[in-house]
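The residues making up each chain are set out below.
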Amino acid sequence: MNVTGTIVNYYFHCKRQCWLFANRINLEDNSEDVRIGKVLHELKSEGKKNTEVAIDNIKIDKINDMYLTEVKKSDSDLNAVKWQTLFYLKILKEKGVDRKGKIEVIEKRTTDKKIHYIELDEDREKEMEKLTIEIENFINTENPPEATLIKGCKKCAYYEYCFL
Ligand code: SF4
């Protein structure tokens, strides 16, 4: 299957999760192309300055004239989210939509919001290209890596599959 933002995120978070998801071991929502199509459609709609859209299985993402915004409940794996956001920025850029990235982290039980900005500069674009090939090769390997307990395993959809 094609690399998607979720797959990029999982590649950084847990390679086994990435492989399992990419190889559709547990059918989660893989319809990212449809969602990216929806973003483009929303952008073309007149009079929408800050449209709420769904890309990936994250409920609230936004796009406006300047930013594509990812909203997360935690910044426990910010690096994974950064690469996921860069992936979306690159896909949009390839479709002629140039935006900067913004990651809003709204922690549970608080109204505090942390904002992280990220841009797809030339270097990151090249890195993203290499990374996409690396991930494609990885998800096409025959077997997933062994399960290793990490922070976040208990909230992972594959927890039972990996450990029980
Ligand atoms: S349960 Fe843990 S080891 Fe298994 S896929 Fe999820 S994050 Fe990875």
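Structure first, text after, so check above.
This write-up is about the structure you can find in this document. Since this is a predicted model, take the numbers as computed values, not measurements.

Parameters and conventions
Residues numbered from 1 in each chain as written. Predicted model: local features only at pLDDT ≥ 70, side-chain atom pairs only at ≥ 80, totals over all residues. Heavy atoms only, no water. Near = heavy atom within 4 Å. Helix = DSSP H or I, 4+ residues; strand = E, 2+ residues; numbered from the N terminus. Nonpolar A, V, L, I, M, F, W, Y, C, P; charged D, E, K, R; others polar. Buried < 20%, exposed > 50% of the residue type's maximum accessible area, 1.4 Å probe, protein only. Contact = heavy atoms within 4.5 Å. Pairing = 2+ DSSP bridges. Phe/Tyr/Trp six-rings, centres within 6.5 Å; stacked < 30°, edge-to-face > 60°. Axes fitted to C-alpha atoms, helices over the stretch in contact; angles between N-to-C directions. Parallel < 35°, antiparallel > 145°, perpendicular 65-115°, else oblique. 1 Å grid on protein atoms, 1.4 Å probe; cavity = no way out; pocket = protein on both sides within 12 Å on 5 of 7 lines; lining within 4 Å. Points joined across faces, edges and corners; volume = space filled by probe spheres on them. Polar contact = N/O pair within 3.5 Å; in protein donor to acceptor, adjacent residues only side chain to side chain. Salt bridge = Lys/Arg side-chain N within 4 Å of Asp/Glu carboxyl O. Right-handed = clockwise from strand over helix to strand, strands pointing away.

**Description of the site of the ligand**
Here is step 1 of the chain: Residues in close proximity to the ligand include C14, Q17, T148, I150, C153, C156, Y158, Y159, C162 and F163, which together make up its full environment.
Here is step 2 of the chain: It is helix α6 (residues 159-163) that contributes the most residues to the shell around the ligand, three residues altogether.
Here is step 3 of the chain: Of the residues belonging to the shell around the ligand, the class tally is eight nonpolar, two polar and no charged.

**Quick notes on helix α2 (residues 15-22)**
Here is step 1 of the chain: The buried fraction of α2 amounts to seven of the eight residues, a majority that puts the element mostly inside the structure.
Here is step 2 of the chain: Residues of α2 that are buried include every one of R16, Q17, C18, W19, L20, F21 and A22, and no others.
Here is step 3 of the chain: If you follow the buried residues of α2, they end up packed against α1 (5-13), α5 (122-139) and α6.

**Some words on the pairing of strand β5 (residues 113-118)**
Here is step 1 of the chain: Note: strand β4 (residues 100-106) against β5, six bridges, orientation antiparallel. Of the residues in β5, the one forming a bridge with K102 is Y117.
Here is step 2 of the chain: Where β4 hands over to β5, the hairpin turn is made up of six residues, of which R109 adopts a positive phi near 60 degrees.

**Remarks on the packing of aromatic side chains**
Here is step 1 of the chain: In the structure shown here, the tally under the stated rule is seven aromatic pairs.
Here is step 2 of the chain: Taking the centre distance of 6.3 Å and the plane angle of 65 degrees together, the rings of F87 and Y88 count as edge-to-face. Y88 shares its class with F87; the two are buried.
Here is step 3 of the chain: Plain terms: the ring middles of Y159 and F163 are 5.5 Å apart, the flat faces sit at 45 degrees to each other, and that makes the pair tilted. Highlighted residues: Y159 and F163, both in helix α6, separated by four residues, approximately one helical turn.
Here is step 4 of the chain: We classify Y159 as partly exposed; its relative accessible area is 21%.

**Quick notes on the packing of α1 against α5**
Here is step 1 of the chain: Packing of α1 against α5 leaves a shortest axis separation of 11 Å and a crossing angle of 80 degrees. In this view, α1 runs roughly perpendicular relative to α5, as classed from their interaxial angle. From α1, I7, V8, Y11 and F12 reach across to α5, where they touch M128, L131, E134, I135, F138 and I139.
Here is step 2 of the chain: Partitioning the contact of α1 with α5 into residue classes produces nine nonpolar, no polar and one charged.

**Remarks on empty space enclosed by the protein**
Here is step 1 of the chain: Scanning the model with the defined rule gives two cavities of 30 Å³ or more in all.
Here is step 2 of the chain: Along the walls of the largest cavity sit 15 residues, with C14, Q17, C153, C156 and C162 positioned nearest its centre.
Here is step 3 of the chain: Where the lining of the largest cavity is concerned, the elements lending two or more residues are α2 and α6.
Here is step 4 of the chain: Across the lining of the largest cavity, the residue classes break down as ten nonpolar, four polar and one charged.

**A closer look at the side chain of T85**
Here is step 1 of the chain: Within the element layout of this structure, T85 appears in helix α4 (residues 78-94).
Here is step 2 of the chain: A polar atom in the side chain of T85 sits 2.7 Å from the backbone oxygen of V81.
Here is step 3 of the chain: When residues no more than four places from it in sequence are discounted, the contact partners of T85 are L68, E70, G101, I103 and I118.

**So, the pattern of salt bridges**
Here is step 1 of the chain: This structure, assessed with the given rule, holds six salt bridges.
Here is step 2 of the chain: Note that E104 is salt-bridged to K113, the shortest N-O span being 3.8 Å.
Here is step 3 of the chain: Counted as one network, the salt bridges with shared partners bring together K90, E94 and E129.

**With respect to the pairing of strand β3 (residues 67-72)**
Here is step 1 of the chain: Within β3, six of the six residues are buried, leaving the element largely enclosed by the surrounding structure.
Here is step 2 of the chain: Side chains Y67, T69 and V71 project from β3 onto one buried face, and the interleaved L68, E70 and K72 project onto a second face that is buried too.
Here is step 3 of the chain: Sheet topology note: the β3/β4 ladder contains six bridges and is parallel. Residue V71 lies in a different strand from β4, and its bridge partner there is E104.
Here is step 4 of the chain: Traced from β3 through α4 to β4, the parallel crossover comes out right-handed.

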